[in-house]
Amino acid sequence: MYFSKLDSLRFYAVSMVFAAHLFQVWTWSDSLSSLLPIGHFGVVIFFVLSGFLITKLLLEEPLNKPLILSCKEFYIRRSLRIFPIYYLFLAFIYYFNVEDINAAGIMPWLYLTNIHIFNQNSWIGSHSHLWTLAIEEQFYLIWPFVILFLRSRIKILLISLIFIIFTAILSRIILYLGDFSSLQIKIFSLTVFDFFAFGSLISIGCIYFKEKLRHLISPLLFFGITLYYGSYYLMSDIAFSIISQFSLSLISASFIIFAIYSKNNSKNNFLHNKVTIDLGKISYGIYLYHNIIIAHWLTIAEFIGLNPSNAIYNKIVFLIMFTIILAKISYRFIEKPFLQLKDNFRS
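Residues numbered from 1 in each chain as written. Predicted model: local features only at pLDDT ≥ 70, side-chain atom pairs only at ≥ 80, totals over all residues. Heavy atoms only, no water.

### Observations regarding the overall build of the protein
Thought 1: Counting its regular elements, the protein contains 15 helices and zero strands.
Thought 2: At 20 Å, the protein has a C-alpha radius of gyration in line with the 20 Å of a compact globule built from 347 residues.
Thought 3: Taken along the three principal axes of its C-alpha coordinates, the protein extends 60 × 55 × 45 Å.
Thought 4: Burial analysis of the protein (347 residues in total) assigns 50% to the buried set.
Thought 5: The contacts of the protein with a sequence gap of at least 6 include a subset with a gap of at least 24, amounting to 76%. (Helix = DSSP H or I, 4+ residues; strand = E, 2+ residues; numbered from the N terminus. Rg over C-alpha atoms; globule rule 2.2 N^0.38 Å. Buried < 20%, exposed > 50% of the residue type's maximum accessible area, 1.4 Å probe, protein only. Contact = heavy atoms within 4.5 Å.)

Here is the structure:
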């Protein structure tokens, strides 16, 4: 089943990440970036949404279909969706050695950018955002086998998801006590897998509770916001760093459930319309390209024959327009032809 409001949610998530990089949240004070975690919240929404969608697709696989065949077709479909523009993008920035990307070696090619950043203990320029795609691919390596193996053992699957959530929380505590930096805690694989687990719980809830899940929207949103800001103002740094991740998961879950079960199906309102849906469909390209464009916008503008001033409104207009146009072209001529091949791998 297709949920158009999830495309709108993708648009808002990528917009938050775009705004975070545009306004350089890493230069903000710790208090401001904690009170307005726009970039990180956008990433969390993507992670929880991925967990929901991937689990839903896997649970819909026929029970009599061999596990190996289901996994094989899943990986082929995922590869057709993700690999083409990702590796074209890498080929481009490696060829021109953008910001000394060659120093990262093969790590981005193997979807290990987060491990590279973890080892460096610093962001690696305008391709740092590839860490989230690395996390997703690492999740995809193990999750299909877990879901397909346990889909007929729902209680064990639920226990596994709860175990993943507690493992992620425990990993954050261990790294924090081990004097690892907040950056390292943020991008380490085990510390973020709980986001995907929350998404998987939503997927299971959709199957067993259906529209009853809608009653969780307000409690999840209220509890998530209260827990986030309550832990910020009332608890220690370590408690906030641990609880804030959990809180953002709850808020993201409420948004996703709302998008699935909202009774207002109109596509003509301010928050959900044809524009937000269309931009949500190209959110992968927007995410992949935006950071390089932001970092090198003057060079790009001059290359295509423009001579913009450095005024902030000129910069914002150019960045938005150029990123959307590039993502549109990418989707139309690269992504879409590969996406049309996905149906060949459904049996």
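Alright, that's what it looks like, and here's the rest.
### Here's the deal with a nonpolar patch on the surface
Thought 1: Taken together, Val317, Ile320, Met321, Ile325, Ile329 and Phe333 make up a surface patch of nonpolar side chains, about 580 Å² in accessible area.
Thought 2: Mapped onto the elements of the fold, Phe333 is located in helix α15 (residues 312–339). (Patch = residues over 30% accessible without salt bridge, like charges linked within 9 Å, V, L, I, M, F, W, Y side chains within 5 Å. Areas by Shrake-Rupley, 256 points an atom, 1.4 Å probe, with all protein chains shown as cover. Salt bridge = Lys/Arg side-chain N within 4 Å of Asp/Glu carboxyl O.)

### A look at helix α11 (residues 237–261)
Thought 1: With 25 residues, α11 ought to run about 36 Å at 1.5 Å a step, and its terminal C-alpha atoms sit 36 Å apart, in line with that.
Thought 2: At Ile243, α11 shows its maximal kink, close to 25°.
Thought 3: Along α11, 19 of the 25 residues are buried, which leaves the element largely enclosed by surrounding structure. (Expected span 1.5 Å × (residues − 1). Bend = angle between axes of the 7 residues up to and from the residue.)

### Quick notes on helix α9 (residues 189–208)
Thought 1: With 20 residues, α9 should reach 28 Å at 1.5 Å per residue; the first-to-last C-alpha distance of 29 Å fits that figure.
Thought 2: In terms of residue burial, α9 counts as a mostly covered element, since 16 of its 20 residues are buried.
Thought 3: Just downstream of α9 lies Lys210, where phi reads positive at about 50°.

### Some details on unusual backbone geometry
Thought 1: Residue Tyr111 is not a glycine yet carries a positive backbone phi of 55°.
Thought 2: Within the secondary structure, Tyr111 sits in the loop between α4 (67–95) and α5 (113–120).

### Some details on the packing of aromatic side chains
Thought 1: Taken as a whole and judged by the stated rule, the model has 33 aromatic pairs.
Thought 2: Seen from their ring centres, Tyr95 and Phe96 are 5.0 Å apart, and the 85° between their planes marks the pair as edge-to-face.
Thought 3: Look at Phe96 and you get exposed, because its relative accessible area is 53%.
Thought 4: Arranged with centres 5.0 Å apart and planes meeting at 80°, the rings of Tyr232 and Tyr233 form a pair that is edge-to-face.
Thought 5: Exposure remark for Tyr232: the relative accessible area of 23% places this residue in the partly exposed category.
Thought 6: For Tyr233, a relative accessible area of 58% corresponds to the exposed category.
Thought 7: Through pairs of rings, three or more aromatic residues link up here, namely Phe47, Phe74, Tyr75, Trp131, Phe139, Tyr140, Trp143, Phe145, Phe193, Phe195 and Phe196.
Thought 8: The ring of Phe258 has Lys5 lying over it, and the distance from NZ or CZ to the ring centre is 5.9 Å.
Thought 9: Cation over ring: Arg332 sits above Phe333, and NZ or CZ is 5.1 Å from the ring centre. (Phe/Tyr/Trp six-rings, centres within 6.5 Å; stacked < 30°, edge-to-face > 60°. Lys NZ or Arg CZ within 6 Å of the ring centre and 35° of its normal.)

### Focus: the layout of surface pockets
Thought 1: When its volume is computed, the largest pocket comes out at roughly 1400 Å³.
Thought 2: Counting only elements with at least two residues in the lining of the largest pocket, the list comes to α1 (4–22), α2 (30–35), α3 (38–59), α6 (130–150), α8 (182–187), α10 (217–234), α11 and α13 (283–295).
Thought 3: The dominant element in the lining of the largest pocket, judged by the number of residues it contributes, is α11, at six residues.
Thought 4: The volume enclosed by the second largest pocket comes to roughly 1200 Å³.
Thought 5: In terms of lining residues, the second largest pocket is bounded by 36 residues, among which Arg10, Leu53, Arg78, Arg81 and Lys342 are the most central.
Thought 6: With nine residues, α3 is the single largest residue contributor to the lining of the second largest pocket.
Thought 7: Class assignment of the residues belonging to the lining of the second largest pocket gives a composition of 19 nonpolar, four polar and 13 charged. (1 Å grid on protein atoms, 1.4 Å probe; cavity = no way out; pocket = protein on both sides within 12 Å on 5 of 7 lines; lining within 4 Å. Points joined across faces, edges and corners; volume = space filled by probe spheres on them. Nonpolar A, V, L, I, M, F, W, Y, C, P; charged D, E, K, R; others polar.)

### Notes on the packing of α5 against α6
Thought 1: For the pair α5 and α6, the least separation of the axes is 7 Å and the interaxial angle reads 120°. In terms of orientation, α5 lies oblique with respect to α6. Residues Thr113, Asn114 and Ile117 of α5 touch α6, and the partners they reach there are Leu130, Trp131, Ala134, Ile135 and Gln138.
Thought 2: Residue classes in the contact of α5 with α6 are distributed as five nonpolar, three polar and no charged. (Axes fitted to C-alpha atoms, helices over the stretch in contact; angles between N-to-C directions. Parallel < 35°, antiparallel > 145°, perpendicular 65-115°, else oblique.)

### Re the pattern of salt bridges
Thought 1: Across all of its chains, the model carries ten salt bridges by this definition.
Thought 2: In this structure, Lys65 and Glu61 form a salt bridge, with 2.9 Å as the shortest nitrogen-oxygen distance.
Thought 3: Overall, the relative accessible area of 8% leaves Lys65 in the buried class.
Thought 4: For the salt bridge of Glu211 with Arg214, the shortest nitrogen-to-oxygen distance reads 3.3 Å.
Thought 5: With relative accessibility at 45%, the residue Glu211 sits in the partly exposed group.
Thought 6: Look at the salt bridges and you will find they share partners, linking Glu61, Lys65, Glu73 and Arg77 into a network.

### Details of the environment of Glu61
Thought 1: Here Glu61 lies in the loop between α3 and α4.
Thought 2: Residues Glu61 and Leu148, spaced 87 residues apart in sequence, show a C-alpha to C-alpha distance of 8.2 Å.
Thought 3: If we skip the residues at most four places from it in the chain, Glu61 touches Ser70, Arg77, Leu148 and Arg151.
Thought 4: Of note is the side chain of Glu61, whose polar atom sits 2.9 Å from the side chain of Lys65. (Polar contact = N/O pair within 3.5 Å; in protein donor to acceptor, adjacent residues only side chain to side chain.)

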